[in-house]
Structures are given as structure tokens and as C-alpha cells.
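Listed below are the residues making up each chain.
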Amino acid sequence: MSMKQIFDEIILKTKGPGLYNFTKQTEIFVKENKFINGILNLNILHTSASLIIQENADPDVLYDLNNFFNKLVPMNTKLYRHTAEGDDDMPAHIKSALTNSHLTLSVKDNNIILGTWQGLYLFEHRKENQIRKISHHFVGQ
Amino acid sequence: MSMKQIFDEIILKTKGPGLYNFTKQTEIFVKENKFINGILNLNILHTSASLIIQENADPDVLYDLNNFFNKLVPMNTKLYRHTAEGDDDMPAHIKSALTNSHLTLSVKDNNIILGTWQGLYLFEHRKENQIRKISHHFVGQ
Amino acid sequence: MSMKQIFDEIILKTKGPGLYNFTKQTEIFVKENKFINGILNLNILHTSASLIIQENADPDVLYDLNNFFNKLVPMNTKLYRHTAEGDDDMPAHIKSALTNSHLTLSVKDNNIILGTWQGLYLFEHRKENQIRKISHHFVGQ
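Now for a quick tour of the structure. (Residues numbered from 1 in each chain as written. Chains lettered and ligands numbered in written order. Predicted model: local features only at pLDDT ≥ 70, side-chain atom pairs only at ≥ 80, totals over all residues. Heavy atoms only, no water.)

## A look at the packing of helix 2 (residues 59-72) of chain B against helix 3 (residues 89-98) of chain C
Here is step 1: Running from N to C, helix 2 of chain B and helix 3 of chain C cross one another at 60 degrees; their axes reach a closest spacing of 10 Å. When the axis of helix 2 of chain B is compared with that of helix 3 of chain C, the two are oblique. When the axes of helix 2 of chain B and helix 3 of chain C are compared, the crossing they make is right-handed. Seen from helix 2 of chain B, the contacting residues are B:Val61, B:Asp64, B:Leu65, B:Phe68 and B:Phe69; seen from helix 3 of chain C, they are C:Met90, C:His93, C:Ile94, C:Ala97 and C:Leu98. (Axes fitted to C-alpha atoms, helices over the stretch in contact; angles between N-to-C directions. Helix = DSSP H or I, 4+ residues; strand = E, 2+ residues; numbered from the N terminus. Parallel < 35°, antiparallel > 145°, perpendicular 65-115°, else oblique. Left-handed = near helix turned anticlockwise from the far one by under 90°. Contact = heavy atoms within 4.5 Å.)

## Thoughts on the pattern of salt bridges
All names here are of chain A.
Here is step 1: Overall, the coordinates contain 12 salt bridges over all chains when judged by the stated rule.
Here is step 2: The closest approach of N and O atoms between Asp-89 and Arg-126, which form a salt bridge, is 2.7 Å. With Asp-89 in helix 3 (residues 89-98) and Arg-126 in the loop between strand 7 (118-124) and strand 8 (129-140), the pair connects residues that are 37 residues apart, well separated along the chain.
Here is step 3: Here Asp-89 falls in the buried class, since its relative accessible area comes to 2%. (Salt bridge = Lys/Arg side-chain N within 4 Å of Asp/Glu carboxyl O. Buried < 20%, exposed > 50% of the residue type's maximum accessible area, 1.4 Å probe, protein only.)

## Focus on the relation of the copies chain A and chain B
Here is step 1: You can overlay chain A on chain B at an RMSD of 0.0 Å; the transform is a turn of 120 degrees with a shift of 0.0 Å along its axis. Such values leave the two copies arranged in the relation of a three-fold axis. Considering only C-alpha atoms, the part of chain A nearest the rotation axis is A:Leu98, at 3.3 Å. (Least-squares fit on C-alpha atoms with pLDDT ≥ 70 in both.)

## Topic: the packing of aromatic side chains
Here is step 1: Under the defined criterion, the tally for this structure stands at 12 aromatic pairs over all chains.
Here is step 2: Centre to centre, the rings of B:Phe29 and B:Phe35 are 5.2 Å apart; their planes meet at 70 degrees, and the pair counts as edge-to-face. Grouping residues by exposure puts B:Phe29 and B:Phe35 together as buried.
Here is step 3: Of the aromatic side chains, those joined through ring pairs into one cluster are A:Phe29, A:Phe35 and A:Phe138.
Here is step 4: Directly above the ring of B:Tyr63 sits C:Arg81, whose terminal nitrogen or CZ lies 3.4 Å from the centroid. (Phe/Tyr/Trp six-rings, centres within 6.5 Å; stacked < 30°, edge-to-face > 60°. Lys NZ or Arg CZ within 6 Å of the ring centre and 35° of its normal.)

## Quick notes on helix 1 (residues 23-32) of chain A
Residues and elements named next belong to chain A.
Here is step 1: All of the buried residues in helix 1 are Thr-23, Thr-26, Phe-29 and Val-30. Along helix 1, the residues classed as buried sweep out an arc of 125 degrees about the axis, all on the same side. Pointing more than 90 degrees away from the buried face of helix 1 are the exposed residues Lys-24 and Glu-32.
Here is step 2: Lys-34 sits one or two residues past helix 1 and shows a positive phi near 55 degrees. (Arc of directions from axis to C-beta.)

## What to know about the interface of chain A and chain B
Here is step 1: Each side of the interface is counted separately: chain A has 37 residues, and chain B has 33 residues.
Here is step 2: In this assembly, chain A packs against chain B so that about 2800 Å² is buried in total across both faces, 59% of it on carbon and sulfur atoms.
Here is step 3: On the surface where chain A and chain B come into contact, there are zero salt bridges.
Here is step 4: Across the contact surface, chain A and chain B share 14 residue pairs in polar contact (both at pLDDT 80 or more).
Here is step 5: Listed by contribution, the elements that provide at least two residues to the side of chain A that touches chain B are strand 3 (38-44), strand 4 (49-55), helix 2 (59-72) and strand 5 (102-108) of chain A.
Here is step 6: At 10 residues, the largest contribution of residues to the side of chain A that touches chain B is made by helix 2 of chain A.
Here is step 7: For the side of chain A that touches chain B, the per-class residue count stands at 18 nonpolar, 13 polar and six charged. (Buried area = accessible area lost by both parts, 1.4 Å probe. Polar contact = N/O pair within 3.5 Å; in protein donor to acceptor, adjacent residues only side chain to side chain. Nonpolar A, V, L, I, M, F, W, Y, C, P; charged D, E, K, R; others polar.)

## Notes on unusual backbone geometry
Here is step 1: Here the phi dihedral of A:Lys34 falls at roughly 55 degrees; this positive angle occurs in a residue that is not glycine.
Here is step 2: Residue position: A:Lys34 is located in the loop between helix 1 and strand 3.
Here is step 3: Of note, the phi angle at C:Asn110 is positive, near 65 degrees, even though the residue is not glycine.
Here is step 4: Here C:Asn110 shows up in the loop between strand 5 (102-108) and strand 6 (111-112).
Here is step 5: Given a relative accessible area of 21%, C:Asn110 falls into the partly exposed group.

Right, here's the structure in full:
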């Protein structure tokens, strides 16, 4: 079996904390390159936003997720030493540590293997607008 | 080096919250297919159960883990908007976000690289009986 | 494209809870083996220490991270059943579950794909000195 490797970057603009669905962009990367079978490795190139797979149906799930993490990791500068970049910066690093910086997906028959209710999300933890890069790396046929 | 790719699904029946060891099933997948060296990518196809590597020796570790997550993410509908599917559903999504939806393992000399005390676990977060699918994808020799 | 697979183990000696940067060691593994493009899969062979990608600039971030996890998962034997190995053992398992046992990195043009501020860290959760093994597995060109 002859293997190929393709690298790309998906750029997402975020406007405050919450979950941003980027499943479509990653699917387009898979379809346009006509990947059949292989490993698709995603890495976010930042430490104050993260990647998770979550339910793609009810927006309340995304609201509750963001709300839970905000309560668990308060934006209170009295709790942290690293406060120079704002009250949301250290909580952002902690929330990233509690979730994921990478997702390793499988591609089969030109489709990403995902459950019916699963979507790919960038989890933004900073308050200001951000431009986020997600490295995409395919190894396969 | 000639590479091959094999896909399979392991099905687990769960009976309430807790950790279910599926190391044996994954080892059988590796042995029966005579995989020598390669990447073994596991993805759970659900957002209310997750995958983790944990200690395989003392059952109290599994009890304490489940207990910690239950306290950290209470089954209390007053805390969440997404409550239509029961008091355990939104906590299940949060616990999944706090753990993992995938595990990427290495196979060497027909063995999964794991520490002596490490086992592969499905972490069930729902109360009712469930049928869970874990995608298995091998790329290698 | 001809693919190769190389396995190695990086050993880290830890002296108590906290984050240990091992980016350099992993970069040396990539440089010395002249890997061009591929997947680099890292697995820690223990269940009381974990792997995360975090900020490599301000040491206060590492202090705050460790401090947050210590507060979230108290070393208090009254909270757990599994206490025979010390008050830090069960919290270590929980902190490992909350973070990661593996990291899957992408290598492009002989460099690990990481953001400017990202470093690779072993997160030690035990109090006593430990010798930790991180499996390194490269698949690619």
C-alpha cells in the first residue's frame, strides 16, 4: 500500500469563550484531498484554547459545558500568580489542560469516523477575539 | 516497508456508571490480525462515555475515580439547561470532556505498549444500560 | 512513499509534583533520526503521572497549574478508599485521568509541529522521587 502525507492548517476566528464547531472544515479537507483510509492528526497551536469532540445536536449542551468550566476555574486573579495577561489567561491554560490539545481521528472510505451525534469543536477560553490555528496532518492512502 | 490498515469495532455493554476494562478485547484484535508494529487508534463513538488508561490492579482505584467525578459534576438538573434526557446526561457530556474520546496506542512486536499497571477502560457516565462502540483502526505492518 | 517505524523510550527523573519540560529530549529524538514527515506517538507508561502540552514561557503558569490540580483533588485519605500507597497516590490517578496519558504529535520537515509558546511536559503527581518512562514511536519518512 502506497502511503501519502498531507499537511494543512485550518484558521478559526473566535469571539469569546465557548465551543466552535469546525467539523465541516475538516470534512472539506478530507473530501477535497480524496483521502480514502488513514490517520488524521489535529493539533491546536495555542495553550489557551483546546479541542474536544462533543454533541452536535442541542446548543444547550455547549452552553452548559462552557458554564461548568467557568465555575470550576474562576476568572479571579487572586487565585493565580500568572495574571499579567488578564483574568481569563490563567484559567484558559487550566481549561486547556483539563481538555485536549490534540485529536487523532480515523478516516475510512473518505469519511471521518465519528458517531452520529459527534462534532469537532474548538473550545475557546479567552475573552478577546482570537485567530486560532489547527494543524491538520493526514497519513494514509 | 509495506503498510496495511485494518478497521474494526469493539462493542461493550455497560450497566451504569463506572470503569469497564476492555484491554483483553483490544489485545485479541492485535493478536488475531498478527499486527507487528504500528499505530492503533481508538475512538469512542459517543459523547456520554469516554476512554482512559488507568491502573488495572486495585478495584478501589476505579471506585474512587468514579466517585470523584460524580462529586465534581453533580447530577443536579438545577445546574444545567440540557436536562430533557435525564439528570445524568449533561454530567455525562462534561465528564467526557474532562477525560478522553480517543486513545492512540503504539504496537511493537505484536504487543500494545502499556506500562505494567496500565489497562484500557471505557468510562461509562450514564445510569441506564448502554451498548457502546469503540472504533479500532490499525495502521502499520 | 517508503515508511519506517522507530521506537524509543525517554527516561525522566522527577522530584515531586509539578511540570517537567521534556521538549528538548523529544526534539533530539526527531533530529538524530532525521525524521522528515510523520506521526510521533508518545505514551507515558504510568498511571500516576501524565503528559500535557502547555505554555513554555512563564514559570508561574506551571506553578498555577500544579496548584489548581492540588486544590481540585485534595491529598486527603478520608476522601478515598485506595490509600495504602500514601495520601498522594489516589489523587495522582485522578489527576492523570483529568489530563492525558498520551500525546500524538505531527512531524513536518524534521520539526515537531508546535505553536510558538507550546512545550511538552510530564506532569508528576507523586511526592517521592520517581523514574518515569515515556514511549516514543515514530511512523513516517
